[in-house]
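Observations on chain architecture
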Amino acid sequence: ARVHDGVMAEAHSFATIGKEFRRGGKVALTDEGLRVSFDVVVPPPRILRLMALRRLQRLKNYFLNQLFPFGPLSLVALITVLTTTVCLVEEDHWLRNGRLANFWWWLMHLLPWAPMNRFMKLAVVTAWAGVILFLLLIWVQRLLLRAFLAWRGWMYVPRGKPTKIMQIKLLIWSTGLKVLMGRKPMTYSFQSSMPSLPLQSLSETCRRYLKSMRPVMEDAEYALLEEKAKKFLSSEGPQLQMYLRLKWLFSKCYVTDWWLKYCYLRGRSPIAINSNYYCMDSEYDFKANQAGRAANLLHLIMQYKELLDSERLAPLVPTVPLCMEQYKLTFSTTRLPGKEMDILKHWHYSDSRHIVVVCKGRWYCFDMETPQRKLTAVEIQSQLEWILKHAASSPPVEDGSDRLAALTGGDRTHWANVREEFLSRGKNRLSLDAVERAIMVLSLDEDKPSDWTSQARNLFHGNGSNRWFDKSVNMVVFANGKAGFNGEHSWADAPVTGHMWEYAQITGEAKHSPGYDAKGNVNPNPSDPQPEKLPTPTVLKWEMSDGLRAAIAVSYNTLHELIDNLELRVLRAPYGAGFIKTTAKMSPDGYVQMALQLAYFRENGKLCQTYESAMTRFYGNGRTETIRSACAGASAWVRGMEDPTLDKVAKVKLLRAATEEHTMLAKDAMSGKGVDRHLFALYCVSVGKGVESEFLQQALRTPWKLSTSQQSQQQTDRHSVKNKDDWKYISPGGGFGPVADDGYGVSYMVMPDDRVYFHVSAKRSSPVTNADKFAERILKSLDDIRQLCEDDKAK
């Protein structure tokens, strides 16, 4: 229980009594002294049973993960075989009378024993030896698997036929990996075997950093940076590296906790637009009404959640396993505001069984299960239809509570103060608790966006008061049945929620659900039970005051300044990976990045420091690293492309060299050979130790004027990008805001057919950027590169 400070003589009381079935506490300061009382409500038998079963399931999964790839039967078999063998061999056999056997017999006799005959004692001693041997086998398997997973040679195999030595290495590696990984892993089975993110040498990181900065700096500026780097390497750098190596030795990932704390949770600026991201619907029209579409998607997402909770969701293994740690916070997670630093709060299943719905400025909640089972899609639709009817028949909200969610999109310290002053007691505390504990938030919007850009803008920020930006997942369903979601970024990166969306929308809705009837309602599944009469959704109540309304207005105005300042354009290029791979014969990602570099160069006459996100989930607790796409090859290529005296053959050669260099940079970043997370961690150490470093300060404060990210088309095996019938269901992806005030945010998805989707963002306040014009420059660059490659192929 939180205690509300009281300084007056009269009574001050505070209660944190949660929803049904939870403990509550009260603290009261009176003239007689401090009174503390607690209420403990014992859950009814059905809830106790569900809680017990869930905890037993988690305990079972824990032991299965610890034993993987072996299992309890393997342990029983080993003990049985070993005990039988030892009991049947002669007395003088080494298993019963050797040095190891004698030592084990002596060691076991140090323990207290119940009276039993010698033969029974022999069986018990041997069984314990079997347990120790089994644990030793698991330990060896973990060490070997970690070593195999740490090898990145497979990523650097050159195109064409590899050398004989490399072929042998790959054969040994792939065979060993297949044996060590076992069969049918659970979601987190590989977590204890994930290797640690490597820590590069200081000199190598500085070398790579200087090389990346050369193409984007003038000669004099670069010479000064070189001097700072030399000074860093000869003075404070080695000491900072020593402290960082100590952290590396005792942590799975030396940077992730600092990345979360300093890049996300300690940020005081609004997370809306600046940090959150959005993901869009597919182009395909499912011809569903709003309630039917929302119900079907919610039902499929709950199926995904059940797989995740029971750890039956298959881990992602594209070639080697990816770290699945971020998935633990997918649902029932909220970023709570703090005065100096936010915190991530995750609620257990027993405390989070409901969703919250916002519709026409009103807030509702209802459980996603009955006492016996989960709700069916038809039952969910009936609850949502009740909400839509109630919101439509209710008078307009006039007390200001319809703008309450704007607090989550404003300044974080302001939100923390408002939360403590106005939302920490009474009805407001209970309603806020319902929102924050919810599995997710659903927004039933009145808008009917007719094009990609308007849909993206709505998903990104809504009307400024119908998105709870602190929530891990805000699903949005529009009045025309189109859908998408807004994601809070601190707890995980976009591919994690993308996995959920792929399961529910791209594959689940299209292939694994009954679909919709002629009126757009969700069809019942033949295996579903008969719908039950459910309790009507709860309408959340808020007690508004002049002070709270004024505080909301501050956040609302702050958020709308961000919204009004946002430029956003979603567009589609007329060709995709098919042309890039078959005709141009280049890496699609490198190809698109070179188009972005060309577009930026044509606009500004120079390159800029460019951020492209690369995942580091090959390592335990890994998140991202930076691919510095504005490399030397990119610089040579864009200048060559704009040189009228250079022939097309030379230009294609420069383009190919640039994409190959970019591909190598991407592999290095995913392999722990990037520079930015290392420099960031060194900067954190320098701040903690009170060491001033000009070099690190410059490295961390240089703006990313072009921030980019490629989005995956497929993460699961529930569909295939090779199947043309599946293409119409794939989402165009999502986007994010610009990182620099005078920069661009560009996300893109390269489709296997004739499509590349781009999401381009910028700020209107900048006189040097324009999202629409930059989007057109991207299309022009892609068209010019395509023409160049076609002419080259025709020769």
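Everything below is about the structure printed above this text.
Residues numbered from 1 in each chain as written. Predicted model: local features only at pLDDT ≥ 70, side-chain atom pairs only at ≥ 80, totals over all residues. Heavy atoms only, no water.

A tally of regular secondary structure across the chain gives 24 helices and 19 strands. Over its C-alpha trace the chain gives a radius of gyration of 30 Å, about what one expects of a compact globule, namely 28 Å for 795 residues. Dimensions along the principal axes, computed over C-alpha positions, put the chain at roughly 95 × 75 × 65 Å. Counting every position in the chain, which comprises 795 residues, the buried fraction comes to 53%. (Helix = DSSP H or I, 4+ residues; strand = E, 2+ residues; numbered from the N terminus. Rg over C-alpha atoms; globule rule 2.2 N^0.38 Å. Buried < 20%, exposed > 50% of the residue type's maximum accessible area, 1.4 Å probe, protein only.)

Its maximal kink placed at Glu 502, helix H16 (residues 494–511) deviates by approximately 40 degrees. Within H16, 14 of the 18 residues are buried, which leaves the element mostly enclosed by the surrounding structure. (Bend = angle between axes of the 7 residues up to and from the residue.)

Assignment of secondary structure puts Phe 63 in helix H1 (residues 45–67). Between the C-alpha atom of Phe 63 and that of Pro 574, which follows or precedes it by 511 residues, the distance is 51 Å.

For the rest of this paragraph, the subject is the packing of helix H11 (residues 290–309) against H16. At a closest axis distance of 9 Å, the pairing of H11 and H16 adopts a crossing angle of 125 degrees. As judged from the angle between their axes, H11 and H16 are oblique. Note on packing geometry: the crossing formed by H11 with H16 is right-handed. For the pair formed by H11 and H16, the contact residues are Arg 293, Asn 296, Leu 297, Leu 300, Ile 301, Gln 303, Tyr 304 and Leu 307 on the first element and Val 496, His 499, Met 500, Trp 501, Tyr 503, Ala 504, Gln 505, Gly 508 and Glu 509 on the second. Per-class residue counts for the contact of H11 with H16 are ten nonpolar, five polar and two charged. (Axes fitted to C-alpha atoms, helices over the stretch in contact; angles between N-to-C directions. Parallel < 35°, antiparallel > 145°, perpendicular 65-115°, else oblique. Left-handed = near helix turned anticlockwise from the far one by under 90°. Contact = heavy atoms within 4.5 Å. Nonpolar A, V, L, I, M, F, W, Y, C, P; charged D, E, K, R; others polar.)

A separate point is empty space enclosed by the protein. A water-sized probe, rolled over the atoms, reveals where empty space remains. Tallying each qualifying case throughout the model produces six cavities of 30 Å³ or more. If you add up the space inside the largest cavity, you get close to 90 Å³. Along its surface, the largest cavity is lined by Arg 54, Met 302, Lys 305, Glu 306, Asp 309, Tyr 349, Ser 352, Arg 353, Met 368, Glu 369, Lys 374 and Ile 439. Broken down by element, the lining of the largest cavity gets its largest block of residues, four residues, from H11. (1 Å grid on protein atoms, 1.4 Å probe; cavity = no way out; pocket = protein on both sides within 12 Å on 5 of 7 lines; lining within 4 Å. Points joined across faces, edges and corners; volume = space filled by probe spheres on them.)

Next up on the list: the sheet that holds strand S8 (residues 362–367). An order of S12-S8-S7-S9-S10-S11-S4-S17 is seen for the eight strands of this open sheet, with the pairing classed as mixed. Two strands in the sheet have a free side with no partner beyond their single neighbour: strand S12 (538–539) and strand S17 (734–735). Taken together, the two bridges between S8 and S12 define a ladder with antiparallel strand orientation. Across the sheet, residue Tyr 364 finds its bridge partner in S12, namely Val 539. Helix H14 (residues 426–437) contacts strand S7 (354–359), S8 and strand S9 (441–444) of the sheet and is inclined by roughly 110 degrees relative to S7. Along the sheet, H16 contacts strand S4 (277–279), strand S10 (473–477) and strand S11 (483–487); its crossing angle with S11, the most-contacted strand, is approximately 155 degrees. (Pairing = 2+ DSSP bridges.)

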